[in-house]
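# Architecture at a glance
For reference, the chains in residue letters:
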Amino acid sequence: MLENRQGVVKKKLERDANEWTSAWLESVKSGPNAMSQRRLSSVERLGGGLRVLRSLARAKGIHLVLLIDDKGVALLAASKHPFKIIA
């Protein structure tokens, strides 16, 4: 019974993570902003990780880039348009 309960909890957490990630990417896709960013730690903790993010981004036509800010914090930026590295 405990194993079954753990399986149910795990599936709910995965569903919540997919919903969190999907909501962020949908706001990028339909929103007025050119770009949106989230901490990598948030994506890993709340959004199911990079694998989920990449899969959903591809499905929605959203471009991703991994950045490090001035404090050394890893960020993920998402945009409707491709990112271009200029230097």
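Report follows, based on the coordinates. It should be emphasised that the depicted structure is a prediction, and the values quoted were computed from it without experimental measurement.

### Considerations on the overall build of the protein chain
Broken down by element type, the protein chain carries three helices and three strands. Helices and strands in the protein chain line up, N terminus first, as α-β-α-α-β-β. Across the 87 residues in the protein chain, those meeting the buried criterion constitute 25%. Across the protein chain, contacts joining residues at least 24 apart in sequence account for 57% of those joining residues at least 6 apart. For the protein chain, the accessible surface area stands at approximately 6500 Å², while carbon and sulfur atoms represent 55% of it.

### As for the environment of Ala-57
Mapped onto the elements of the fold, Ala-57 is located in helix H3 (residues 50-60). In this structure Ala-57 comes out as buried when scored by relative accessible area, which is 1%. When the C-alpha positions of Ala-57 and Leu-25 are compared, they lie 6.7 Å apart, and in sequence the two are 32 residues distant. When neighbours within four sequence positions are excluded, Ala-57 is seen to be in contact with Leu-25, Ile-62 and Leu-64.

### Quick notes on the pairing of strand E2 (residues 63-68)
Where E2 meets strand E3 (residues 74-79), six bridges bridge the pair, whose relative direction is antiparallel. Directly across from Leu-64, in E3, lies its bridge partner Ala-78. Following E2, the chain reverses through five residues before pairing antiparallel with E3; Gly-72 in that reversal takes a positive phi of roughly 85°.

### Comments concerning the side chain of Ser-42
Mapping Ser-42 onto the fold places it in helix H2 (residues 40-46). If sequence neighbours within four positions are ignored, Ser-42 has contacts with Trp-20 and Gly-47.

### Things to note about the sheet that holds E2
Here three strands make up an open sheet; going across it, the order is E1-E3-E2 and the pairing antiparallel. Only two strands of the sheet have a single neighbouring strand rather than two, namely strand E1 (36-39) and E2. Across the sheet, the mean angle from the axis of one strand to that of its neighbour is 25°, orientation sign disregarded.

Conventions and cut-offs
- Residues numbered from 1 in each chain as written.
- Predicted model: local features only at pLDDT ≥ 70, side-chain atom pairs only at ≥ 80, totals over all residues.
- Heavy atoms only, no water.
- Helix = DSSP H or I, 4+ residues; strand = E, 2+ residues; numbered from the N terminus.
- Buried < 20%, exposed > 50% of the residue type's maximum accessible area, 1.4 Å probe, protein only.
- Contact = heavy atoms within 4.5 Å.
- Areas by Shrake-Rupley, 256 points an atom, 1.4 Å probe, with all protein chains shown as cover.
- Pairing = 2+ DSSP bridges.
- Axes fitted to C-alpha atoms, helices over the stretch in contact; angles between N-to-C directions.

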